[in-house]
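Survey of secondary and tertiary structure
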Amino acid sequence: MNILDQIIASKKKEIALKKSVLSIAQLENAELFNKKTNSLSKSIRNLPFAIIAEHKRRSPSKATINNSFSVEEVVKGYENGGASAISILTDTQYFGGSLEDLILARASVQIPLLRKEFIIDEYQLLEAKAFGADAILLIAAVLSKQEIKLLSEFAQSLALEVLLEVHNLEELEKSIMPSLDLIGVNNRNLKTFEVSLQNSIDLSNNIPNDFVKISESGLTATEDINLLKSHGFHGFLIGENFMKTDNPGKSLEQFINQLKG
């Protein structure tokens, strides 16, 4: 069983447990559930260099990245540093995140928040809405075409935007549908964790221009951003490159200034 299969197996058990503790009605009655969505796609289209900065404590491939700062410190730094949006990892077992991170981020910043999670159940979309997300991630590698359709349509019925993540042409071709807002290409192979920017370049022309195009993972230099922008990408999801530093927000600000320069 590869790491992705392990994560999904754990996620199914986790969701079953959560459902037994917190009901759908309780989620729907949460104060943030009816909050107006701050559009992730618009925030990205409106800027020449749109960075989705990620709060990420650890990962299966890199163990601990940064546990030194509070969520509030990181996300405020990102907002002040010029991020277009912030991605909040909410998986606990493998990435050290939580839904509490999401709600603390919502209380701290005004820019759009993406709940980055291994979503396989509508219940997780209700959680995302109740805890302050503006958008959610769906991963094509772990979902069938029908599951992508059902989950993305349900997300949009909740006024959550949908970023669909793909790793190859097969995943992309099965996934393209009107209920998506953004399509992201992950440069990291989720089964081997190897990274190549060529993955984004190879798939760029196959993503219809109707969708906001995002490149994810392995982005470490301004040259990477300029290269991918020339291939039609609008936004860039970067986490580890900033989180591994002593000041993630300042690192983001310097990165954006280099892009502008």
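Everything here concerns the structure above.
What this report covers is the structure whose coordinates are included nearby. (Residues numbered from 1 in each chain as written. Predicted model: local features only at pLDDT ≥ 70, side-chain atom pairs only at ≥ 80, totals over all residues. Heavy atoms only, no water.)

1. Observations concerning unusual backbone geometry
Excluding glycine, a negative phi dihedral is what most residues carry, and trans is how most peptide bonds are arranged. What counts is decided by this rule: Secondary structure is summarised from DSSP: a helix means a run of H or I of at least four residues, a strand means a run of E of at least two, and numbering begins at the N terminus for each.
Its identity is not glycine, yet Ala159 carries a phi of approximately 65°, on the positive side. At Ser217, a residue that is not glycine, the phi angle is positive and equals roughly 80°. Relative to the elements of secondary structure, Ser217 occurs in the loop between β9 (212–216) and α10 (222–230).

2. What about helix α4 (residues 71–81)?
Stated formally: Each residue is placed in one exposure class: buried if its accessible area under a 1.4 Å probe, protein chains only, is under 20% of its type's maximum, exposed if it is over 50%, and partly exposed if it falls in between. Comment: arc refers to directions from the helix axis out to C-beta atoms. Contact definition: two residues touch when any of their heavy atoms are within 4.5 Å.
For α4, the set of buried residues is Val71, Val74, Val75, Gly77, Tyr78 and Gly81. Summarising the axial view, the buried residues of α4 lie within an arc of 155°, below the 170-degree limit, and thus occupy one face. Buried-residue contacts for α4 involve β1 (50–55), β4 (85–89), α5 (99–108), α11 (240–243) and α12 (248–260). Trailing α4 by a residue or two, Gly82 shows a phi angle of about 110°, which is positive.

3. Quick look at the environment of Leu160
Considering the arrangement of structural elements, one finds Leu160 in the loop between α7 (145–157) and β7 (161–166). In this structure Leu160 comes out as buried when scored by relative accessible area, which is 2%. The sequence separation of Leu160 and Asp181 amounts to 21 residues, and the corresponding C-alpha distance is 9.7 Å. Excluding its chain neighbours within four sequence positions, the residues that come into contact with Leu160 are Thr37, Leu125, Ala128, Lys129, Ala133, Asp134, Ala135, Ile136, Ala155 and Asp181.

4. Regarding the pairing of strand β6 (residues 135–139)
Quick note on the threshold: Any two strands between which DSSP finds at least two bridges are classified as paired. When the strands point away from the viewer and the path from the first strand over the helix to the second turns clockwise, the crossover is right-handed.
Where burial is concerned, most of β6 is hidden: five out of the five residues are buried. Here β6 shows a buried face lined by Ala135, Leu137 and Ile139 and a second buried face lined by Ile136 and Leu138. As paired elements, strand β5 (residues 113–116) and β6 share two bridges and run parallel to each other. Bridging across to β6, Arg115 finds its partner in Ile136. Regarding the hand of the β-α-β motif, the stretch spanning β5, helix α6 (residues 122–130) and β6 is right-handed.

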